[in-house]
Amino acid sequence: MDSLRIPILKIGDVLIASIQVALHDASAVQFKDDLLQKIHDTKARGVIVDLTALDVVDSFIGRLIADIAAMAGLMGTRVVLTGLQPAVAITLVELGLELPRVLTALNLEKGLAMMQSLTEESGDDAS
Amino acid sequence: MTQAKAAVIRSDLDIVIARTLARDTAKALGFGAIDQARIATAVSELARNIFLYAGTGSITVREVERQSRKGIEIVCEDQGPGIPDIDLVMQDGYSTSRGMGMGLPGAKRLMDEFDIRSHEGEGTTIVCRKWRT
Ligand SMILES: Nc1ncnc2c1ncn2[C@@H]1O[C@H](COP(=O)(O)OP(=O)(O)O)[C@@H](O)[C@H]1O
Ligand SMILES: [Mg+2]
């Protein structure tokens, strides 16, 4: 059942994944595992997950996103979510999930700019 | 009135099918983008509960009318183990599966009406509605 794998691109030391299909639970879990493995393998400093095409984020996907951010954080990698539709953001809050520790940006371009400034301010002392 | 449509739930793929059915119906009934997302998200939660806790069941979506108000009605039925304490499962954060425990209380917040009936050993039926504004 790996027909729905979400491609993860590497540009510089940032990973970019754009979710383009309706995620069922198994493919969402697969994505989390793939992404964490890739963070580990590439030592990426940042990850951008673009959710523009997602029209539903329920508590299962919401928790998965929070888990990705927490686990990536433990590996020293920042996660920025981009493209969250307004209706999805409103619904998430009403559902009771606020993703307080997850950074968001309006679109991929702004996400990349945010990532740049985040990794610049924390990056130099690490190397 | 449009005809009722049903989705059988027996795998995680059916959760996507059920919430897509609910969204498409809501859209056809004239609900706006935010309400469509609310309805689809509630159905996603309820469909996942059927899949996780009962194994199989069904979700039926139909148009309803009351005092010339139009709305959408979602009926979720399963013959699973049932819920012994409904007040408990309606609390934010209560889960028997290490889930977030937001599915039932969250779905209730997202819909306008939410009625849950359950008997241990017989199954669970949830009827919820949302009215067009
Ligand atoms: N259809 C159902 N049949 C039996 N038990 C259910 C059903 N739906 C929900 N439950 C019970 O209610 C609890 C709370 O459900 P929910 O609010 O969706 O949170 P979660 O699914 O994250 O546990 C579940 O953990 C489960 O014990
Ligand atoms: Mg649930």
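The text that follows walks through the structure, step by step, so that each part is easy to find. Everything numeric in this text was worked out from a predicted model, so none of it was measured. (Residues numbered from 1 in each chain as written. Chains lettered and ligands numbered in written order. Predicted model: local features only at pLDDT ≥ 70, side-chain atom pairs only at ≥ 80, totals over all residues. Heavy atoms only, no water.)

**Quick notes on the overall build of chain B**
- In terms of helices and strands, chain B carries 4 helices and 5 strands.
- The secondary structure elements of chain B, listed N-terminal to C-terminal, are β-α-α-β-β-α-α-β-β.
- For 133 residues, the compact-globule estimate of 2.2 N^0.38 gives 14 Å, and the C-alpha radius of gyration of chain B, at 14 Å, lies within 12% of that figure.
- Over its C-alpha atoms, taken along the principal directions, chain B stretches across nearly 40 × 25 × 25 Å.
- In chain B, 60% of the contacts between residues at least 6 apart in sequence involve partners at least 24 apart.
- Accessible surface, chain B: about 6600 Å² in total, of which carbon and sulfur atoms supply 48%. (Helix = DSSP H or I, 4+ residues; strand = E, 2+ residues; numbered from the N terminus. Rg over C-alpha atoms; globule rule 2.2 N^0.38 Å. Contact = heavy atoms within 4.5 Å. Areas by Shrake-Rupley, 256 points an atom, 1.4 Å probe, with all protein chains shown as cover.)

**Side note on the nonpolar core**
- Core analysis: the largest hydrophobic core is formed by 62 residues, its most contacted members being Phe31 and Leu35 of chain A together with Ile59, Ile74, Leu104 and Phe114 of chain B.
- With sequence-adjacent residues up to four places away left out, Leu104 of chain B is seen in contact with Leu46, Asn49, Ile83, Val89, Met90, Phe114, Ile116 and Ile126 of chain B.
- By size, the runner-up hydrophobic cluster in this structure holds 7 residues, among which are Val14, Ile16, Ile48 and Ala105 of chain A. (Core = buried A, V, L, I, M, F, W, Y, C linked by side-chain atoms within 4.5 Å. Buried < 20%, exposed > 50% of the residue type's maximum accessible area, 1.4 Å probe, protein only.)

**What to know about helix α2 (residues 59-74) of chain A**
- Taking 1.5 Å per residue, 16 residues should reach 22 Å; α2 of chain A reaches 22 Å between its end C-alpha atoms and fits that length.
- Its buried side turned inward, α2 of chain A meets α1 (25-42), β4 (78-82) and α3 (86-95) of chain A together with α2 (33-54) of chain B.
- Between the side-chain oxygen of the N-cap and the backbone nitrogen of Phe60 of chain A there are 3.1 Å, and the N-cap of α2 of chain A in question is Asp58 of chain A.
- Backbone geometry just after α2 of chain A places Gly76 of chain A at a positive phi near 80 degrees. (Expected span 1.5 Å × (residues − 1). Polar contact = N/O pair within 3.5 Å; in protein donor to acceptor, adjacent residues only side chain to side chain.)

**Some details on the pairing of strand β2 (residues 14-18) of chain A**
Residues and elements named next belong to chain A.
- β2 sits mainly inside the fold: 4 of its 5 residues count as buried.
- Sheet topology places strand β1 (residues 8-11) next to β2; 4 bridges connect them, and they run antiparallel. Counterpart to Leu9 in the pairing with β2 is Ile16.
- Between β1 and β2, which pair antiparallel one after the other, the connecting turn spans 2 residues, and Gly12 there sits at a positive phi close to 60 degrees.
- Across 5 bridges, β2 lies against strand β3 (residues 46-50) in parallel orientation. The residue bridging Val14 from the neighbouring strand is Gly46, located in β3.
- Once you follow β2 into α1 and on to β3, the crossover reads as right-handed. (Pairing = 2+ DSSP bridges. Right-handed = clockwise from strand over helix to strand, strands pointing away.)

**Overview of the site of ligand 1**
All names here are of chain B.
- Around ligand 1 sit 18 residues, and of these Asn49, Tyr53, Ser95, Thr96 and Gly101 come closest.
- The separation between an oxygen atom of ligand 1 and a polar main-chain atom of Met100 is 3.2 Å.
- Out of a free accessible area of 530 Å², ligand 1 has 93% covered by protein chains.
- More than half of the atoms of ligand 1 fall within 2 Å of the grid points belonging to the largest pocket.
- Within the residue set of the shell around ligand 1, elements represented by two or more residues are α2 and α4 (103-110).
- Examining the composition of the shell around ligand 1, we find that 3 residues originate from one element, α4, more than from any other.
- In the shell around ligand 1, the residues fall into 8 nonpolar, 9 polar and 1 charged. (Near = heavy atom within 4 Å. 1 Å grid on protein atoms, 1.4 Å probe; cavity = no way out; pocket = protein on both sides within 12 Å on 5 of 7 lines; lining within 4 Å. Sits in = over half its atoms within 2 Å of the grid points. Nonpolar A, V, L, I, M, F, W, Y, C, P; charged D, E, K, R; others polar.)

Shape descriptors only; they carry no functional weight alone.
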